[in-house]
Amino acid sequence: MNAPNAPNAQTASNAPNWTEATATEAATEAAPESATKVPTASATPASRPAKGPKADLGTEITASLVVFLVALPLCIGVAVASGVPAELGIISGVIGGLVVGAVRGSTLQVSGPAAGLAALVAETVAEHGVAMLGVIVLGAGILQIVLGLVRLGRMFQAISLAVVQGMLAGIGLPLMFSQAYPMADAKAPGVPIENMAGIPGLVADILTDRQAMIATLLGVLTVVLSFVWKKVPGPAKKIPAALVAVGIGIAVAALPGVDVKTLQVGNLIASVQVPGAEQFAGLADVAIITSILTFTVIASAESLFTAAAVDRMHSGPRTRYNTELIAQGAGNTIAGLLGALPITAVVARSSANVQAGAKTRLSRTLHGLWLLAFAMLLPQVLALIPISVLAGVLVHSGWKLFAPAEFPKMWRQDRGEFAVMTLTTLVIVATALLEGVLIGLAAGIVLAALRMSQTVIRQHVEDDTAKVVMAGNATFLRLPKVIEALEAAAAAGKPRIRLDLTGVTHLDHACRSQIEEFTAQQRGIGLRLELLMPGPATAQATPDPTERQTPVRPPARPPTHNHNHTPTPTPTAAFAKSPDPGPGPGPEAEWFYLDTRPLPDDYAGRSPLVG
């Protein structure tokens, strides 16, 4: 299947042409494993069909074990960060492997509970309770299936790169501050602003509590390992950094005199909470519906951004976006029925899968099986993992989501997009994810509209005529500029005004109405106004019964034809005899002819200003 291309508009003349794969570079920075750059030669050109994968059973099994080792601490860590039992994170990881992984949407990307949704889930659980989480995730899954069936999967790619990066940064920054507290075996105060404000007090508590200091050092060590482990020489660097940190954490927690908090994992089956009638009755609450829509948009966007990023990492079959959206919806539907966490595609696990040499869906499906077997047969091993280590893994993920280097990069490339990106981040941190994304999208649309509404207006006075020439897109956003030009022409005090709009490629209703009103006002005070408007050649202005208008017909000569074989009207003789006809009308121009009566005797005493 051909690699998809969905360019994002860039208005700056020196801006690069972004493809959908480039537009997801920020998403590829969302996890430790995504930091490794993939050679561009490995990407399959959009114009060529991808080669069929050559599967090797041994390689697929090995890759599934690697993904399992990466996914296990992340599933548990995301659950803890979301304020729900660790078992629910494992259940979502199992569903992401066995259900989503078995569907032919994307071949190599791996799904499960994502750090990017941890803050949103924690906020939802705090407001509505764990029992309502299942209904919300179920509703989001059904909506995802519907969106996939009506083939709107690619719609989520039509989002400004600045909004995407701002959304990721707005997710990552609060995630880091919220996980700073579990790193010290403490409880976060609440919303992001409170978490940020409470950091000085947290530091003071750490310095006065030995056990909190040990837990913090384990968390900091985990973060450091996550950054530097891939630079370790030899084959050791192939071991996931998260797994190394977990091993060190278990060893330290077992030392005498160390009393850090460890993970408590119960029975996997007993943790399942199937929504009942009371929970489904909550669908009448507007807040619940809003949460469902929020989860749908964010989970879908994150999954499809990740799909485009993963497609850049391998030369196998490209993602089928609508099918993948249906697969994600099926996974979330089942997760909702079991009361588990929402599922999205995750870059960390997906990149680990690609790097391990996987070629088919088998590896990502098997990783779900290993998660299920481990949680069912060896839950006592999970109870040895310090919570501060898992928090450290998520702090590193939050840093990758935040991607501070993207801000100066965006500033250098496009300052307008930088403003959109920064605004999206700040609003998400100050309010919530949905509000921030919506405001970011609105800001991006306004920026695009302003840049597309480039109206060039030239004004000058020649002899007895005040001339105004317009070109570009004249929309309501440029209406003040248009009005200013018209008033300046009227204030020139000349007996004739010429408005040439043949260079205007788009004239919206607001600007057209303003120009027609101006024309009527100036005619009313006795001025002669020549108006050349864009539009079909057959259209004519409705003549004013109080004025004598003499239409001028073109000379009889064979018409020329354009490439669509439509006759091209010839410029009129009247305009050809004008002392300064300007650039001349285009083939689709529309003429408005005014009367040629002498000026009234009392014209000099009249005010030239528009009434």
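Predicted, not measured: the structure shown is a model, and the values here were computed from it.

The rules behind the values
- Residues numbered from 1 in each chain as written.
- Predicted model: local features only at pLDDT ≥ 70, side-chain atom pairs only at ≥ 80, totals over all residues.
- Heavy atoms only, no water.
- Salt bridge = Lys/Arg side-chain N within 4 Å of Asp/Glu carboxyl O.
- Helix = DSSP H or I, 4+ residues; strand = E, 2+ residues; numbered from the N terminus.
- Buried < 20%, exposed > 50% of the residue type's maximum accessible area, 1.4 Å probe, protein only.
- Axes fitted to C-alpha atoms, helices over the stretch in contact; angles between N-to-C directions.
- Parallel < 35°, antiparallel > 145°, perpendicular 65-115°, else oblique.
- Left-handed = near helix turned anticlockwise from the far one by under 90°.
- Contact = heavy atoms within 4.5 Å.
- Nonpolar A, V, L, I, M, F, W, Y, C, P; charged D, E, K, R; others polar.
- Phe/Tyr/Trp six-rings, centres within 6.5 Å; stacked < 30°, edge-to-face > 60°.
- pLDDT = per-residue confidence, 0-100.
- Expected span 1.5 Å × (residues − 1).
- Pairing = 2+ DSSP bridges.
- Right-handed = clockwise from strand over helix to strand, strands pointing away.
- Patch = residues over 30% accessible without salt bridge, like charges linked within 9 Å, V, L, I, M, F, W, Y side chains within 5 Å.
- Areas by Shrake-Rupley, 256 points an atom, 1.4 Å probe, with all protein chains shown as cover.
- Lys, Arg positive; Asp, Glu negative; His and termini not counted.
- Charge placed at Lys NZ, Arg CZ, Asp CG, Glu CD.
- Polar contact = N/O pair within 3.5 Å; in protein donor to acceptor, adjacent residues only side chain to side chain.
- Core = buried A, V, L, I, M, F, W, Y, C linked by side-chain atoms within 4.5 Å.

With that out of the way, let us pick up the pattern of salt bridges. Under the criterion given, the structure shown has five salt bridges. In this structure, Arg451 engages Asp414 in a salt bridge whose closest nitrogen and oxygen atoms are separated by 2.6 Å. Here Arg451, found in helix α20 (residues 433-452), pairs with Asp414, found in the loop between α18 (406-413) and α19 (415-430); they are 37 residues apart in sequence, far enough to count as distant. A relative accessible area of 24% means that Arg451 is categorised as partly exposed. Between Lys467 and Glu462 there is a salt bridge whose closest N-O contact spans 3.3 Å.

Where helix α21 (residues 479-491) contacts helix α22 (residues 509-524), the two axes come as close as 10 Å, and the packing angle between them is 15 degrees. Judged on the interaxial angle alone, α22 and α21 are roughly parallel. For the element pair α21 and α22, the recorded crossing hand is right-handed. Only Ala510, Cys511, Gln514, Ile515, Phe518 and Gln522 of α22 make contact with α21, whose side of the interface consists of Leu479, Val482, Ile483, Leu486 and Ala490. Here the residues of the contact of α21 with α22 sort into nine nonpolar, two polar and no charged.

What follows is about the packing of aromatic side chains. Taken as a whole and judged by the stated rule, the model has four aromatic pairs. Between Trp399 and Phe402, the ring centres sit 6.4 Å apart and the planes meet at 70 degrees, which makes this aromatic pair edge-to-face. Residue Trp399 and its partner Phe402 are located together in helix α17 (residues 387-402), separated by three residues, close to a single helical turn. Residue class for Trp399 comes out partly exposed when judged on its relative accessible area of 38%. Taken together, a centroid distance of 5.0 Å and an interplanar angle of 85 degrees make the contact between Trp411 and Phe418 edge-to-face. Ring-pair connections join several aromatic residues into one group, and the members of that group are Trp399, Phe402 and Phe407.

This next bit is on the confidence of the model for the protein chain. Residues shown with low pLDDT carry predicted positions that ought not to be read at fine detail. The pLDDT averaged across the protein chain works out to 79; a share of 78% of its residues lies at or above 70. Confidence drops under pLDDT 50 across residues 587-597; counting only partners more than four residues distant or on other chains, this segment forms 47 contacts. Counting interchain partners and residues more than four positions distant, the pLDDT-below-50 stretch residues 603-611 has 19 contacts.

End to end, helix α13 (residues 321-337) covers 24 Å across 17 residues, agreeing with the expected 24 Å (1.5 Å per residue, within 8%). Most of α13 sits inside the fold, with 12 of its 17 residues counted as buried. Every buried residue of α13 is listed here: Tyr321, Asn322, Glu324, Leu325, Ala327, Gln328, Gly329, Gly331, Asn332, Thr333, Ala335 and Gly336. Close packing links the buried residues of α13 with α3 (86-98), β1 (110-112), α5 (130-149), α12 (286-311) and β2 (344-346). At the C-terminal side of α13, Gly339 shows a positive phi close to 70 degrees.

To continue, consider the pairing of strand β5 (residues 496-507). Counting buried positions along β5 gives nine out of 12 residues, so the element sits mostly inside the fold. Examined bridge by bridge, strand β4 (residues 465-474) and β5 share nine bridges and lie parallel to one another. Looking at the pairing, Ala466 lines up with Ile497 of β5. Following the backbone out of β4, through α21 and into the adjacent parallel β5, one traces a crossover that is right-handed. In this structure, β5 lies alongside strand β6 (residues 528-534), joined through five bridges in parallel fashion. Paired with Leu499 across the bridge in β6 is Leu531. The handedness of the β5 to β6 crossover, carried by α22, is right-handed.

Unusually for a residue other than glycine, Arg151 sits at a positive phi of about 60 degrees. Within the secondary structure, Arg151 sits in the loop between α5 and α6 (161-180). When its relative accessible area of 64% is taken as the criterion, Arg151 is described as exposed. Although it is not a glycine, Asp185 sits at a positive phi angle of roughly 60 degrees. Summarising the element assignment, Asp185 is placed in the loop between α6 and α7 (192-197).

Taken together, the side chains of Glu123, Glu127, Asp285 and Glu435 make up a negatively charged region of the molecular surface. Residue placement: Glu435 occurs in helix α20.

Moving on to the side chain of Arg318. Along the polypeptide, Arg318 turns up in the loop between α12 and α13. Buried charge without a salt bridge: Arg318, with Asp311 as the nearest opposite-charge side chain at an N-O distance of 4.6 Å. Reaching out from Arg318, the side chain makes a polar contact with the backbone oxygen of His314 at a distance of 2.6 Å.

We now examine the nonpolar core. Counting 93 residues, the largest nonpolar core has Ile76, Leu133, Met167, Leu382 and Leu433 as its most contacted members. With 11 residues, α6 is the largest single contributor of residues to this core. Those residues within four positions of Met167 in sequence are excluded, and the remaining contacts are Ile298, Phe305, Thr424, Ile428, Leu433 and Val437. Judged by nonpolar contacts, the second largest core, of 23 residues, contains Ile457, Ala474, Ala490 and Leu499.

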